[in-house]
Amino acid sequence: MWRVLNDDIAAIKTLKYRYLRALDTKDWESFAATLTDDVTGNYGESLQFGNRDELVGYMRANVGPAVITEHRVDHPEIEIGGDEASGRWYLQDRVIVPDFEFMLIGAAFYDDRYRRTPDGWRISATGYDRTYEATMKLADVPSFTVRTGAAIHT
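Residues numbered from 1 in each chain as written. Predicted model: local features only at pLDDT ≥ 70, side-chain atom pairs only at ≥ 80, totals over all residues. Heavy atoms only, no water.

An unreviewed UniProt entry lists the chain under the name Bile acid 7-alpha dehydratase, from Gordonia bronchialis.

So this is what it looks like as structure tokens:
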């Protein structure tokens, strides 16, 4: 019993990490594969989604290559009940948009629901409540520069 529970918790942690990695690397196929078809998303009053196509479509259109993101979660609180589970995670994130000379840093608590499917655990509901958000204009930090991808290695 404990081994099965621990295996499920490990699988859910891996799923959440894959969701965030796929979001930050803009791997929309992998991102979509972490979600159920009927997933709901609630990232605040103005960002709510009723299914996977809506959620992935929004992210693809608005968090594309020109938007640099970093999402980190830890302190998972995961509860499993059969083929359903819930999870609460502490999020720290950063969003940099060089074209708009903008950076946001913040923290939140993710609240997720998970469902066991024939393909393994998937996220069936996700969203967060912000604890803080701080923004700045990159022009206010004259020494701030951004290099990504291949530019880092040159």
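Next, the rest of the story.
The next point concerns the overall build of the chain. Each helix and strand in the chain was counted, giving three helices and six strands. Sequence-ordered secondary structure for the chain, helices as α and strands as β, is α-α-β-β-α-β-β-β-β. Considering only C-alpha atoms, the chain reaches an extent of 55 × 35 × 30 Å along its principal axes. Within the chain, the fraction of its 154 residues that count as buried is 35%. Within the structure as shown, the chain displays about 9,200 Å² of accessible surface, and the carbon and sulfur contribution to it stands at 51%. When the 18 positive and 25 negative side-chain charges of the chain are each reduced to one mean point, those points stand 5 Å apart. (Helix = DSSP H or I, 4+ residues; strand = E, 2+ residues; numbered from the N terminus. Buried < 20%, exposed > 50% of the residue type's maximum accessible area, 1.4 Å probe, protein only. Areas by Shrake-Rupley, 256 points an atom, 1.4 Å probe, with all protein chains shown as cover. Lys, Arg positive; Asp, Glu negative; His and termini not counted. Charge placed at Lys NZ, Arg CZ, Asp CG, Glu CD.)

Another aspect to go through is the pattern of salt bridges. Taken as a whole, this structure holds 11 salt bridges when the rule is applied. Among the salt bridges present, the one from Arg115 reaches Asp38, with a minimum N-O distance of 3.1 Å. Of this pair, Arg115 sits in strand β5 (residues 102-117) while Asp38 is found in strand β1 (residues 35-42), placing the two residues 77 residues apart along the sequence. Linking Arg94 and Glu70 is a salt bridge whose minimum nitrogen-to-oxygen distance equals 3.1 Å. Of the two residues, Arg94 is situated in strand β4 (residues 84-97) and Glu70 in strand β3 (residues 68-81); the sequence distance between them amounts to 24 residues. Via salt bridges that share partners, Asp8, Asp83 and Arg116 belong to a single interconnected network. (Salt bridge = Lys/Arg side-chain N within 4 Å of Asp/Glu carboxyl O.)

A few words on the sheet that holds strand β2 (residues 48-49). In space, the six strands of this open sheet follow the order β2-β1-β6-β5-β4-β3, with mixed pairing throughout. Each edge of the open sheet is held by one strand with a lone partner, namely β2 and β3. Note that β1 and strand β6 (residues 120-137) share four bridges and pair parallel. Across the sheet, residue Gly41 finds its bridge partner in β6, namely Thr126. Against the sheet, helix α3 (residues 52-62) engages β1, β2 and β6, with an angle of about 65 degrees to β1. (Pairing = 2+ DSSP bridges. Contact = heavy atoms within 4.5 Å. Axes fitted to C-alpha atoms, helices over the stretch in contact; angles between N-to-C directions.)

Another aspect to go through is the side chain of Lys26. Positionally, Lys26 belongs in the loop between α1 (2-25) and α2 (28-33). Among buried charged residues, Lys26 stands out as having no salt bridge; its nearest opposite-charge side chain is Asp24, 5.4 Å away. The contact partners of Lys26, leaving out residues within four places of it in the chain, are Val63, Gly64, Val67 and Thr69.

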